Structure formats: structure tokens, C-alpha cells
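Geometric and topological summary
Chain residues, written in single-letter form:
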Amino acid sequence: MSTQHQGRDAFASNLGAFAATVGSAVGLGNIWKFPYLTGSNGGAAFVLTYLLAVALVGVPVMAVEHVIGRRMRLDAVRAYGRVVPGQRFWSAIGWAGLLSALLIMAFYTDVAGWVFAYVLKSALALGPGRPLGPETFGALAGGTWEPIGWQVGVLALTATIIAAGVSKGIEKVTKTLMPLLFALLLVCDVRALTLPGAASGVAYLFRPDLGKISGTVLLSALGLAFFKLSLGMGTMTTYGSYLPEETRIVPNATRVALADTLVSLLAGLAIFPAVFAFGGKPAGGPGLLFNTIPLVFSRMPGGGLFTVLFFVLAAVATIGAMVSLVEVPVAWLVEKGHVARPAAAFLTAGAMLALGLLATLSQSPVLGDVRIFGKGFFDLFDFLSSNVLLPVGGVAIAVVGGWLVSRKEFLAELDKGYAAEPWYDRIVYAFIRYVTPGLILLILLNSLGVIRLA
Ligand code: TRP
């Protein structure tokens, strides 16, 4: 491995690096995807599987990505292309990552657009004559020009932030917004948990029925762990390349995973008690957030205001995540292609819009009937990225870090920032070699029907 980082932008401090990493992890995954997947996969059994996936797969893969990123100080394509001497083909991990970034952003910006639209719609609903109901969501998501307009707006906002650079753009925005997000979520939780009947929502999240663990549950939980922690496609490798030398990789990754999981659980605790208290359906699908939150809050005193608050919070959370997704192709265009940063940001956003239109229109009459492998574009992009590309990328990343990079070099990077080597770095390394890739492979093989786990 060779190190080169002259003249590269980077995160200015340990805390800044932590905040930016949390900023990438926390997003629609916590507030939209975690609750809706929990609801459609039967509740606590899914939550438990997901927590195990974060601990046994998520944290180790994040450590590898940060080690390789910081060691190489390059964009993801070149980092994987050069990290194993004589094996340039590992750059395929970076290329697959660029593809994943485009696929994820295609549906992510559609949903982010709904969130921004709901900030406005819920604020307007405070006045007379414009109530928020299930038909509001149906009309928005199933429309043509309205969702496209929001999607274009969201992409333009993200590209503008990216154009401003790493420490001034990404770091500053996330550092300010993350504490606000925690505070706002806590307010929503207090509101939901003091409802009569809130307890069944809490039990739904935390009392697992192990019989509900199926192959679908395993694959969805694994896919969510990758999606949630921005793993398997180079985002965390790219962020690793901006990490200060003194950042301790394992504790930092652990804290990021804990903070991110806390946000998901807090979001679940805001949604499910309310769903149960008001007799809603937990298995409400992708519309769960949009249909449930306004409905349940509307039946509480002061609920209109809480609805606005909730969507402001969701909008805040999407920004850091989108920035980190756009950053992967941008870092590559800037460093390898020598494209100016602002041009790279808008070029990437343009490519994302092209695919994004397919995702958005697949829910409108325009492309509503188009099916590929039985799925519309929105579902196809989601499934392909979370359940195929990211886990496969994760195995490759674990194999590169655990087996192909020399043990000495890997541990030297992992142990940076300590006077003496900490006890847990060896344990994490053993996970990276044996446990993590093994678990991912088992779940993938189970889904393909090659073996039978659940
Ligand atoms: N983690 C973000 C979320 O939960 C989404 C995200 C941002 C992401 N960057 C990523 C997912 C990279 C996969 C890969 O909303």
C-alpha cells in the first residue's frame, strides 16, 4: 500500500469526523426505512436480527473501510484498485460502489422529496382547509410533476452543499444539524410514549417472537445494516480517507453505530406506540411514515405542530446522508478526472436525476406498469442496492481487509492513535477475517436457496 495525501481536504478534528460519519449514517434509513421494514417484517424479531447484524457485520465492515480509506487517502475506486499490490481488479469494489450510489440516490431523492414536500404540506395544514390524510401521500407519491419538482430541488440542494467542499460543506452542516435531530426526536418520543396504549407499541418493538425470523427477515436486516451505516460501496472508505491520523477507528465506528441505532430506535418509539394507540397498521409499507405520523399526531392536542416538527427533523436527517452518497462519485471525478468540485457535484446530481426520474415515475401512471424481475424501478433499485450490491461489496471489502492486505499493515492502521495496542483491535480483526464475511455469505446463500437457515 502507498500513502499519498498532499493537498487533500479532510475533516478538521476527531469530533468533526465523528459528526460527519454519523451524518452520513443517519438519514431516511432511520426514520423511513427502519420503521417500515420493522412493521412489514413482524416487529421485534426483525429488530433483534438487525441489532445483531449491526454489531457482528456493520461495525467490523466500517472499521475495514476506515482503515483502507485512511491508509490510501484516495477516492474509493483508486483506493481498492491499489490497496492489494498487483491486484488492480479490486477497483471493481469502487466501481460497483459508484453504481450503488446512483441506484440508492435514485429512490432516496424521491423519498427525500416527499419529506421536504411534507414539511410544507404539514405547515399548510396548520391553517384551515388543507388537511393531511392518506390521500395526500397517494397523490404526492403517485403524481408526476409534483414529486419530480421536489426531487430536482433536493438534488440541487445536495449538489450545492457538496460544491462547498469537505470541511466547510459536509462537516459544518452535519455538526450543526445532528444535535438538533436528537433533541427533536426526543420531543416526539415523549409525545408518543405518554399516549394511552403506548405499551403495545413498545412491546411490538422489543418483545421478539423468534419464530418470525425467516430468510426474508435475515436478508432485509442485513441489507438494512449496510444501508443504515452507509457500508459496502465506498462511502465509508471515502470518509475514512478524510479521517484525522489520530482518530481511533474501532471506538469511532462503535460510537457511530450506537448513535445511529439509537436514532432508529427513537424513531421506532415515536411511531409504533402511536400506531398502536390509534389502531393503525404497522405493516403500512413505504407510506408508513407519511400516512401514520400526520394521522396519529392529528388526534392529539398540539399534534399539527408535532407533525411539522417531525418532518423538519426527517428533512434534516436526509441532508447529511445524501451529501455522503453524492460525495463518492464526486471524490472520484475530482481526484481522478481532475474535474472542478462544483462541476463534479452538478454532473453527479444530473446522473442521479436521470435514474431518479425512473424511480419516481415508476409510481406514477407514466411508468407504473413497467416491471423488471417483477418489480418497478423504485423497488428494483432499492432491492438491488441494499440486498445485493452492498452485502456482496461487504464480503469483498472484508476479504480484502482481512486476508489480502498484510496483517501487519492492517493492524498498524487500526492501532493508530494509541500509545499501546488496545485489546479489542485483535478481536475486531478476527471478526473481519472469519465471522463477518462468513455471516454475510450464509445469509446470501440462504436467500439464494443454496442452504437452509431460516
Ligand atoms: N445511511 C443513510 C441512511 O440510513 C443512507 C446512506 C448514505 C447510504 N450514504 C450511504 C447507504 C452509502 C448506503 C451507502 O439513510
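Since the model is a prediction, treat every value here as computed from it, not as a measurement. (Residues numbered from 1 in each chain as written. Predicted model: local features only at pLDDT ≥ 70, side-chain atom pairs only at ≥ 80, totals over all residues. Heavy atoms only, no water.)

**Overview of the overall build of the protein chain**
The line we're drawing: Helix numbering and strand numbering both begin at the N terminus, where a helix is a DSSP run of H or I of at least 4 residues and a strand a DSSP run of E of at least 2. A radius of gyration in this sense is built from C-alpha atoms; the matching globule rule multiplies 2.2 Å by the number of residues raised to 0.38. A 1.4 Å probe rolled over the protein chains alone gives each residue an accessible area, and that area as a share of the maximum for its type sets the label: buried under 20%, exposed over 50%, partly exposed in between. Any two residues whose heavy atoms approach within 4.5 Å are treated as being in contact. Only the protein chains shown count as cover for residues, and the accessible areas themselves come from Shrake-Rupley with a 1.4 Å probe.
Looking only at helices and strands, one finds 18 helices and 0 strands in the protein chain. Taking 454 residues into account, the globule formula puts the C-alpha radius of gyration at 22 Å, and the protein chain, at 21 Å, falls close to it. Expressed as lengths along the three principal axes of its C-alpha atoms, the size of the protein chain is roughly 65 × 50 × 45 Å. The proportion of buried residues among the 454 residues of the protein chain is 59%. Restricting the contact set of the protein chain to residue pairs at least 6 apart, pairs at least 24 apart contribute 80%. By element, 69% of the accessible surface of the protein chain is carried by carbon and sulfur atoms, the whole surface being about 16700 Å².

**Details of the side chain of S230**
Along the chain, S230 turns up in the loop between α10 (215-228) and α11 (235-240). Excluding its chain neighbours within four sequence positions, the residues that come into contact with S230 are S24, A25, T235 and M236.

**Focus on helix α15 (residues 341-361)**
A turn of α-helix holds 3.6 residues, and therefore any two residues three or four places apart point the same way. Just so we agree on the cut-off: Here a helix's expected span is defined as the number of its residues, less one, multiplied by 1.5 Å. Bending is quantified residue by residue as the angle between axes fitted to the seven-residue window ending at that residue and the seven-residue window starting at it.
With 21 residues, α15 should reach 30 Å at 1.5 Å per residue; the first-to-last C-alpha distance of 30 Å fits that figure. At L355, α15 is deflected by roughly 30°, the largest bend along its length. Those residues of α15 that fall on the buried side of the exposure criterion are R341, A344, A345, T348, A349, M352, G356, A359, T360 and L361.

**Looking at helix α12 (residues 249-277)**
Between the first and last C-alpha of α12 there are 42 Å, a value that for 29 residues agrees with the 42 Å anticipated at 1.5 Å per step. For α12, the buried fraction is high: 23 of the 29 residues fall into the buried class. Where α12 ends, the next residue or the one after it, G279, has phi of about 70°, a positive value.

**Thoughts on the site of the ligand**
How we decide: Residues are classed as near a molecule or strand on a simple rule: at least one heavy atom within 4 Å of it. Polar contact is the term for a pair of N or O atoms within 3.5 Å; when the atoms are in protein, one must be able to donate a hydrogen and the other to accept it, and sequence-neighboring residues count only if both atoms are side-chain atoms. Of the two site types, the cavity is a set of points on a 1 Å grid over the protein atoms alone where a 1.4 Å probe fits but cannot get out, and the pocket is an open set with protein on both sides within 12 Å along at least five of seven lines, each lined by residues with an atom within 4 Å of a point. Here the criterion for a molecule occupying a pocket or cavity is that more than half of its atoms lie within 2 Å of the pocket grid points. The classification used treats Ala, Val, Leu, Ile, Met, Phe, Trp, Tyr, Cys and Pro as nonpolar, Asp, Glu, Lys and Arg as charged, and all other residues, Gly among them, as polar.
Taken together, 16 residues lie near the ligand, and A25, G29, Y108, F227 and K228 sit nearest. A distance of 2.8 Å separates a nitrogen atom of the ligand from a polar backbone atom of F227. A distance of 3.1 Å is found between a nitrogen atom of the ligand and a side-chain nitrogen or oxygen belonging to S230. If the ligand stood free it would expose 360 Å²; the protein chains cover 100% of that surface. Here the ligand is seated within the largest cavity. The set of elements that each furnish at least two residues to the shell around the ligand consists of α1 (14-25), α2 (28-40), α5 (91-124), α10 and α14 (303-335). The element best represented in the shell around the ligand is α14, accounting for 3 residues. Looking at side-chain class alone, the shell around the ligand contains 9 nonpolar, 6 polar and 1 charged residues.

**A word on the environment of D379**
When you line up the elements, D379 lands in helix α16 (residues 377-404). For D379, a relative accessible area of 41% gives the class partly exposed. Expressed as a C-alpha distance, the spacing of D379 and T194, which sit 185 residues apart in the sequence, is 36 Å.

**With respect to the environment of G394**
In this fold, G394 is placed in helix α16. Sequence separation of G394 and F431 is 37 residues, and the distance between their C-alpha atoms is 13 Å.

**Section: the packing of aromatic side chains**
Short version of the rule: Two rings from Phe, Tyr or Trp (for Trp, the six-membered ring) form a pair when their centres sit within 6.5 Å of each other. Planes less than 30 degrees apart are called stacked, planes more than 60 degrees apart edge-to-face, and all others tilted. Here, a charge over a ring is recorded when the distance from Lys NZ or Arg CZ to the ring centre is within 6 Å and its angle to the ring normal is within 35 degrees.
All chains considered together, the criterion is met by 24 aromatic pairs. With a centroid separation of 5.7 Å and an interplanar angle of 50°, the aromatic rings of F34 and Y50 are classed as tilted. Placement of F34 in helix α2 and of Y50 in helix α3 (residues 44-72) is noted, with a sequence separation of 16 residues between them. This pair shows no difference in class: F34 is buried, exactly as Y50 is. A centroid spacing of 5.9 Å and a plane angle of 45° characterise the contact between Y108 and F227, whose relative ring orientation is tilted. Of the two residues, Y108 is situated in helix α5 and F227 in helix α10; the sequence distance between them amounts to 119 residues. Accessibility classification places Y108 together with F227 in one group, the buried group. Feature note: the residues W32, Y36, F107, Y108, W114, Y118, F137, F227, F290, F310, F311 and F378 constitute an aromatic cluster, connected by ring pairs. The residue whose ring lies beneath K33 is F227, and the NZ or CZ to ring-centre distance is 4.2 Å. Above the ring of F383, the side-chain terminus of K375 is found at 4.7 Å from the ring centroid.

**Focus on the nonpolar core**
What counts here: In plain words, nonpolar cores are sets of buried Ala, Val, Leu, Ile, Met, Phe, Trp, Tyr and Cys residues tied together by side-chain atoms within 4.5 Å.
One finds I31, W32, L289, F290 and F310 to be the most contacted residues of the largest nonpolar core, which totals 143 residues. Looking at this core, the element that brings in the most residues is α14, giving 17 residues. W32 has contacts with F107, V111, P286, L289, F290 and F378, leaving out every residue within four places of it along the chain.

**Details of unusual backbone geometry**
With phi around 50°, R73 is a residue other than glycine that occupies positive phi space. Even without a glycine there, the phi angle at S230 is positive, about 55°. The exposure class of S230 is buried, given its relative accessible area of 10%.

**Structural notes on the pattern of salt bridges**
The condition is simple: In the sections that follow, a salt bridge refers to a side-chain nitrogen of Lys or Arg positioned within 4 Å of a carboxyl oxygen of Asp or Glu.
Counted according to the given criterion, the structure contains 13 salt bridges. One salt bridge connects D382 with K33, and the closest N-O pair in it is separated by 2.9 Å. Residue D382 is found in helix α16, and its partner K33 is found in helix α2; the two are separated by 349 residues along the sequence. As a salt-bridge pair, R426 and E421 come within 2.6 Å of each other at their nearest N and O atoms. Three or more residues joined by partner-sharing salt bridges are found here, namely R70, R73, E245, E413 and K416.

Nothing here speaks to function; it is all geometry.
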